[in-house]
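Listed below, chain by chain, are the residues.
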Amino acid sequence: MDANNPLPRWDALAGLDDDALPLLGVALLIARDEYPELEPRRYALQVQGHASHIRGVIDRESHPALKMRAINRYLFEEVGYAGNHDEYYDPRNSYLNQVFERRLGNPISLALVQMAVAREVGLPLDGVSFPGHFLVRLPVDDGVLVMDPFNRGRPLDVDELRQRARTHLGGEVPDDDALSQILYPASNRAILVRVLRNLHGVYQERGDWERATRSADRVLRLLPDNPEGLRDRGLGYLELGHLAGAREDLHRYLLRQPRADDASQVRMRLIEAGSRTGRLH
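Residues numbered from 1 in each chain as written. Predicted model: local features only at pLDDT ≥ 70, side-chain atom pairs only at ≥ 80, totals over all residues. Heavy atoms only, no water.

1. Topic: the layout of surface pockets
Stage number 1. Counted as a void, the largest pocket has a volume near 360 Å³.
Stage number 2. Those elements that place two or more of their residues in the lining of the largest pocket are helix H1 (23–34), helix H5 (107–120) and helix H8 (188–206).
Stage number 3. No other element matches the five residues that H5 contributes to the lining of the largest pocket.
Stage number 4. Residue classes in the lining of the largest pocket are distributed as 12 nonpolar, three polar and five charged. (1 Å grid on protein atoms, 1.4 Å probe; cavity = no way out; pocket = protein on both sides within 12 Å on 5 of 7 lines; lining within 4 Å. Points joined across faces, edges and corners; volume = space filled by probe spheres on them. Helix = DSSP H or I, 4+ residues; strand = E, 2+ residues; numbered from the N terminus. Nonpolar A, V, L, I, M, F, W, Y, C, P; charged D, E, K, R; others polar.)

Here you go:
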């Protein structure tokens with residue numbers, strides 16, 4: 001992210017190709033919904049400062065794995081970024097400005113910091129939408145180095161990756177092909193949608209329907225026809241009394257997912273939206 005460039009606009013994102021989506025810029029745009037006084041230049045300069053501090057050490061190392069180890073040591077030991085194990089569902093863990101300020105985050109927000117700094121010094125670090133916790137990967141030799149940003153960038157071997165995936169695959173251990181697919185780099189859009197879905201889950205659990213609905217709406221700014229985004233925004237509108245919006249979103253969801261596991265429950269909520277009188281929106 002260029003420190004001199006302004007944040008993108010929400011209404012411009014849907015038409016951008018994945019590679020054209022500014023990952024750090026949109027992550028800060030998400031944060032600005034909650035922190036409207038956020039100054040993006042401050043955090044772009046912070047990434048550049050981290051990179052400048054570590055660049056000399058990186059340049060002295062010849063192998064990508066050793067360069068990455070130096071970055072992790074700097075970020076997680078010297079600077080003190082850490083996974084917030086004590087308050088995992090604190091929404092501040094998902095807002096990138098707060099992660100920079102507090103040095104605390106969840107797996108995906110810490111990955112964003114790790115990726116931004118690594119890319120600033122020329123290492124092609126990618127995110128991985130792994131089941132459960134988000135991970136990062138770096139091409140090395142004929143394979144990839146997979147790391148856990150939530151646990152100080154610790155490298156994960158194949159056996160641990162299989163066991164981690166197994167708990168989310170009904171107990172089935174993925175073979176080599178399945179594991180390779182799971183470890184495929186996540187697109188910028190997929191990463192940003194996952195950030196927003198994490199926020200939606202936190203706010204829905206708290207009954208904070210204004211913020212939950214906002215998070216679902218932002219998913220739809222990135223993916224206008226995303227079924228889960230339509231469902232979540234529609235249910236949020238229903239809770240807030242915006243019945244016209246609820247009816248439209250829930251109807252579109254059912255058109256796209258008529259056989260979804262929750263289709264019958266959503267139909268009942270749609271009937272509810274049709275029978276109530278709400279406020280205009």
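2. Section: the UniProt feature "repeat: TPR" (unreviewed entry) in the protein
Stage number 1. Mapped onto the present numbering, the UniProt feature "repeat: TPR" (unreviewed entry) falls on residues 193–226.
Stage number 2. Split by type, residues 193–226 is 82% helix and 0% strand. Its first and last C-alpha atoms lie 10 Å apart. (UniProt positions renumbered as here; feature names shortened; annotations may be inferred.)

3. Topic: the nonpolar core
Stage number 1. By size, the foremost hydrophobic cluster in this structure holds 59 residues, and its most contacted members are Ile71 and Leu96.
Stage number 2. In terms of residue count, the dominant contributor to this core is H5 (nine residues).
Stage number 3. Non-local contacts of Ile71, meaning those with residues more than four positions away in its chain, are made with Ile54, Ile58, Val117, Ala118, Val121 and Leu123.
Stage number 4. Judged by nonpolar contacts, the second largest core, of 10 residues, contains Val128, Phe130, Val146 and Ile182. (Core = buried A, V, L, I, M, F, W, Y, C linked by side-chain atoms within 4.5 Å. Buried < 20%, exposed > 50% of the residue type's maximum accessible area, 1.4 Å probe, protein only. Contact = heavy atoms within 4.5 Å.)

4. Quick word on helix H3 (residues 64–79)
Stage number 1. Look at H3: 21 Å from first C-alpha to last across 16 residues, which is about the 22 Å you get at 1.5 Å a residue.
Stage number 2. The complete set of buried residues in H3 reads Lys67, Met68, Ala70, Ile71, Asn72, Tyr74, Leu75 and Phe76.
Stage number 3. Tucked inside the fold, the buried residues of H3 contact helix H2 (40–60), H5, strand E4 (135–140) and strand E5 (143–148).
Stage number 4. At the exit of H3 stands Gly80, carrying a positive phi of roughly 100°. (Expected span 1.5 Å × (residues − 1).)

5. Structural notes on unusual backbone geometry
Stage number 1. The backbone of Arg103 shows a phi angle near 60°, a positive value even though the residue is not glycine.
Stage number 2. Structurally, Arg103 is set in the loop between helix H4 (96–102) and strand E2 (104–105).
Stage number 3. If you check the backbone angles, Asp141 has positive phi at about 50° while not being a glycine.
Stage number 4. Examined against the element boundaries, Asp141 turns out to sit in the loop between E4 and E5.
Stage number 5. Accessibility expressed as a relative area gives 70% for Asp141, which makes it exposed.

6. Quick notes on the sheet that holds E4
Stage number 1. Strand order in the open sheet formed by four strands is E3-E4-E5-E6, and the pairing between neighbours is antiparallel. In the strand order of this sheet, the two ends are held by strand E3 (126–128) and strand E6 (154–155), each with one partner.
Stage number 2. Inspection of the sheet shows E3 paired to E4 by three bridges, in the antiparallel sense. Its bridge partner being in E4, Val128 is matched across the sheet by Leu135. (Pairing = 2+ DSSP bridges.)

7. Section: the packing of helix H11 (residues 243–256) against helix H12 (residues 263–275)
Each pair of packed helices can be summarised by the angle the axes make with each other and by the distance between the axes.
Stage number 1. Where H11 meets H12, the axes come as close as 9 Å, and the angle between the chain directions of the two elements is 150°. Considered as vectors, H11 and H12 are oriented roughly antiparallel to each other. As H11 runs across H12, the sense of the crossing is left-handed. Each of Leu243, Ala246, Arg247, Leu250, His251, Tyr253 and Leu254 in H11 lies in contact with H12, whose residues at this interface are Ala263, Val266, Arg267, Arg269, Leu270, Ala273 and Gly274. (Axes fitted to C-alpha atoms, helices over the stretch in contact; angles between N-to-C directions. Parallel < 35°, antiparallel > 145°, perpendicular 65-115°, else oblique. Left-handed = near helix turned anticlockwise from the far one by under 90°.)

8. A word on empty space enclosed by the protein
Stage number 1. Counted by the stated rule, this structure contains one cavity of 30 Å³ or more.
Stage number 2. Space inside the largest cavity adds up to approximately 40 Å³.
Stage number 3. Where the lining of the largest cavity is concerned, the elements lending two or more residues are H1, H8 and helix H9 (209–222).
Stage number 4. For the lining of the largest cavity, the element with the highest residue contribution is H9, accounting for three residues.
Stage number 5. Its residues placed into classes, the lining of the largest cavity shows four nonpolar, one polar and three charged.

9. Side note on the pairing of E4
Stage number 1. For E4, the tally of buried residues reaches five of six residues, placing the bulk of the element in the interior.
Stage number 2. Remark: six residues form the turn of the hairpin made by E3 and E4, two consecutive strands paired antiparallel; Gly132 in that turn has positive phi of roughly 85°.
Stage number 3. Hairpin connection between E4 and E5: a loop of two residues separates the two successive antiparallel strands, and Asp141 in this loop has a positive phi of roughly 50°.

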